[in-house]
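# Overview (structure and organization)
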Amino acid sequence: MSSLIYEPNAYFMSPHIMFSLNENALIKILLQNVENIEYYYPKPYKEEKINEKTLLLYFIFRSFSQRINRIEIYYKVTGKVFLEKVKINRFIGITPLRYKKIMENILFLYNEIYENLSKIFHTNLENVSVRFFTPKLGEVSIQGYTPFNASSLGDIYLNIFYIRFIKGYFEQAAIHELIHHFLWSIGISPEVLWFHEGAANFFSIYLIKRIGFEGAEMIEKDFINKGKKMEYLGFIESWTPYHQPINMQDYYIASYMVFYYLNETYGFEIFEKLFYVINEKKEIIKETSEIVHILNDITGEDTSKKFLEWGFSLSNGNYYEKIFSYKNQIIESILISLIIIFIALIFRIAIKRKFKI
Ligand SMILES: [Zn+2]
């Protein structure tokens, strides 16, 4: 079992450690080129320095502590990363040499599905770049991300850790990030985050299933099983890249379910029509209500009923208009103005920062 390395970061995770009951297990892990250890779990009972940069760690697992069955180590390594640039048609990969083959496979996958995505979204992408990262402490669960700073989307970053998962997981995460770029290209702001994330998961699973990777079926089943138990989905309406909720997984699932139910009711063509109209509008969509308006036009039905049933509010600023109509309540207005200035200041800081979607 080797570590995942992207200098200066390195990450080691053992396979599940199993041994017979009533016995203890001794596990030795040899780490090379170590600069320093940042975190390990569990704690080794002994550390042996073989030489300046090589470390031998001893872990003892006792049968009564069966709950811990993996070893995880975050550390820094010596040496510089040698990055290689790979270009396959419109996609560019920037990768450490040791992961070049994996990067090529991702770019081949992007090329394979490109026509399909371009047809669904009615748009073309130019020069999208992809990079890898090894997880730092607390990042293992992030499969991939794309930095977003209100005016542009950055390169796609994929967590190299997921290459060890069942075929389909890593690929789904890669396509998920690419779909964010398609959505941005037709003018959907990541500020309607539920729409971005729901679409990114819905269409990536759809494509990965068509290719036939088993991982896709598992992700889909998991989303649908959990999603069908959710009574309301509307809590996702206020989800933005500026605030990460604690129960993030629920937000992804509920966002996915909106697409799942729309597909069930109106069929897949509804999405192609929706993206066509959005692309034609040449305006940036920043509100759920704008999307619902377009859905109404396409279906000839009042789809807002469905959204309201799901618990969406579909309000876009009416609340503030009502407040400001009471002009005689000067004190209240001044207070509200101060609050708005405060929010605007925070927002200004927010748009300067980079967020991840
Ligand atoms: Zn995403």
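These remarks concern the structure in this document. Computed from a predicted structure; not experimentally measured.

Conventions we followed
Per chain, residues are indexed from 1 in the order of the written sequence. With pLDDT at 70 or above as the cut-off, local features in this predicted model cover only qualifying residues; side-chain atom pairs require 80 or more to be listed or tallied, and sums for whole chains, interfaces and linings still use all residues. In computing side-chain properties, one takes all heavy atoms of the structure into account and sets aside hydrogens as well as water. Each metal's donors are the N, O and S atoms found within 2.8 Å of it, except that Na, K and Ca use a 3.2 Å limit; water is left out, so coordination can look incomplete. For four-coordinate sites, all angles between 85 and 135 degrees define a tetrahedron; for four- and six-coordinate sites, opposite donors beyond 155 degrees with the remaining angles between 65 and 115 define square planar and octahedral shapes respectively, and all other cases count as irregular. Only DSSP runs of H or I covering at least 4 residues are called helices, and only runs of E covering at least 2 are called strands; the numbering of each starts at the N terminus. For the exposure calls, accessible area comes from a 1.4 Å probe over protein chains only, and a residue counts as buried if that area is under 20% of its type's maximum, exposed if over 50%, partly exposed in between. Whenever a carboxyl oxygen of Asp or Glu lies within 4 Å of a side-chain nitrogen of Lys or Arg, that contact is scored as a salt bridge. Multiplying one less than the number of residues by 1.5 Å gives the expected span of a helix. Read the arc as the range of directions from the helix axis to the C-beta atoms. It only takes one pair of heavy atoms within 4.5 Å for two residues to be counted as in contact. DSSP bridges decide pairing: two strands pair if at least two such bridges lie between them. Lines fitted to the C-alpha atoms define the axes, with helices restricted to the stretch that makes contact. Angles between their N-to-C directions range from 0 to 180 degrees. Within this scheme, the nonpolar core is defined by two criteria: the residues are buried Ala, Val, Leu, Ile, Met, Phe, Trp, Tyr or Cys, and they are joined through side-chain atoms within 4.5 Å. To count toward a patch, a residue needs a relative accessible area over 30% and no salt bridge; like charges are then connected within 9 Å, while nonpolar side chains (Val, Leu, Ile, Met, Phe, Trp, Tyr) are connected within 5 Å. Residue burial considers only the protein chains on display, and all accessible areas are found by Shrake-Rupley using a 1.4 Å probe. Two N or O atoms count as a polar contact when they lie within 3.5 Å, although within protein this holds only if one can serve as hydrogen donor and the other as acceptor, and sequence-adjacent residues are included solely when both atoms are side-chain atoms. Stacked, tilted and edge-to-face are the three classes applied to pairs of Phe, Tyr and Trp rings, where Trp contributes its six-membered ring and a pair requires centres within 6.5 Å; stacked means planes under 30 degrees apart, edge-to-face means over 60, and tilted covers the rest. Distance and angle both matter: a charge sits over a ring if NZ of Lys or CZ of Arg is within 6 Å of the ring centre and within 35 degrees of the ring normal.

### Focus: the coordination of the zinc ion
Those protein atoms acting as donors to the zinc ion are His-176 (NE2), His-180 (NE2), Glu-197 (OE) and Glu-197 (OE), and they sit at 2.1 to 2.8 Å. Considering all 4 donor atoms around the zinc ion, angles at the metal cover 51 to 139 degrees and the coordination shape is irregular. Each donor residue of the zinc ion lies on the same chain, and together they follow the pattern H-x3-H-x16-E. Here Glu-197 lies in helix H3 (residues 193–211) and His-176 lies in helix H2 (residues 169–186), a separation of 21 residues in the sequence. As far as the burial class goes, His-176 and Glu-197 line up, both buried.

### Focus: the pattern of salt bridges
Applying the stated rule across the entire model yields 9 salt bridges. The closest approach of N and O atoms between Arg-98 and Glu-7, which form a salt bridge, is 2.6 Å. Taken together, the residues Arg-98 in the loop between strand E9 (91–96) and helix H1 (100–121) and Glu-7 in the loop between strand E1 (4–6) and strand E2 (9–13) connect sequence positions 91 residues apart. Look at Glu-7 and you get buried, because its relative accessible area is 14%. Of the charged contacts in the structure, one is a salt bridge between Glu-220 and Lys-209, with a shortest N-O distance of 3.0 Å. Within this pair, whereas Glu-220 is found in helix H4 (residues 214–228), its partner Lys-209 is found in helix H3, the two being separated by 11 residues in sequence. You can call Glu-220 buried: its relative accessible area is 15%. For Lys-209, a relative accessible area of 34% gives the class partly exposed.

### Quick notes on helix H6 (residues 269–281)
In this model, H6 (13 residues) spans 19 Å end to end at C-alpha, consistent with the 18 Å of a helix rising 1.5 Å per residue. Listed as buried for H6 are Ile-270, Phe-271, Leu-274, Phe-275, Ile-278 and Asn-279. For H6, the arc enclosing every buried residue in end-on projection is 160 degrees, short of the 170-degree limit, so these residues lie on one face. Buried residues in H6 make contact with H1, H2, H3, helix H5 (248–266) and helix H7 (288–299).

### What to know about the sheet that holds strand E13 (residues 156–159)
Taken in spatial order, the 5 strands of this open sheet run E8-E9-E10-E13-E11, and their pairing is mixed. Edge strands, defined here as strands with exactly one partner in the open sheet, are strand E8 (83–88) and strand E11 (144–145). Pairing analysis gives 6 bridges linking E8 to E9, with the strands arranged antiparallel. Within E9, the residue paired with Val-86 across the bridge is Gly-93. Of the strands in this sheet, E9, strand E10 (128–133), E11 and E13 are in contact with H2, which crosses E13 at around 165 degrees.

### Things to note about the nonpolar core
Counting 90 residues, the largest nonpolar core has Phe-121, Leu-178, Trp-194, Phe-195, Phe-203 and Phe-275 as the members making the most contacts within it. With near-sequence residues (within four places) excluded, Phe-275 lies in contact with Ile-120, Phe-121, His-122, Leu-183, Ile-186, Ile-188, Phe-195 and Phe-203. Within the second largest apolar cluster, 17 residues are counted, among which are Ala-10, Ala-25, Ile-29 and Leu-57.

### With respect to a nonpolar patch on the surface
Together, Leu-26, Tyr-45 and Ile-60 make up a nonpolar patch on the protein surface, roughly 300 Å² of accessible area in all. By the secondary structure assignment, Leu-26 is in strand E3 (residues 25–31). Relative accessible area serves as the criterion here: at 49%, Leu-26 is assigned to the partly exposed category.

### Structural notes on the side chain of Thr-123
Among the secondary structure elements, Thr-123 is positioned in the loop between H1 and E10. Separated by 2.8 Å, the side chains of Thr-123 and Ser-185 make a polar contact. Not counting the four nearest positions on each side in its chain, Thr-123 is found in contact with Tyr-114, Ser-118, Phe-182, Ser-185, Ile-186 and Asn-279.

### Some points on the packing of aromatic side chains
According to the stated counting rule, one finds 46 aromatic pairs in the structure shown. Note on Trp-194 and Phe-195: the rings are 5.5 Å apart at their centroids and 80 degrees apart in plane angle, and the pair reads as edge-to-face. Across the pair, Phe-195 and Trp-194 agree in class, each one buried. Here the aromatic rings of Phe-195 and Phe-275 are separated by 6.2 Å at their centres, their planes lie at 80 degrees, and the arrangement is edge-to-face. Taken together, the residues span a long stretch of sequence, with Phe-195 in helix H3 and Phe-275 in helix H6 at a distance of 80 residues. For the pair formed by Phe-195 and Phe-275, the shared burial category is buried. Against the face of Tyr-58 rests Lys-46, its NZ or CZ located 4.5 Å from the ring centre. Here Lys-356 stacks its cationic end above the ring of Tyr-145, 4.3 Å away from the centre of that ring.

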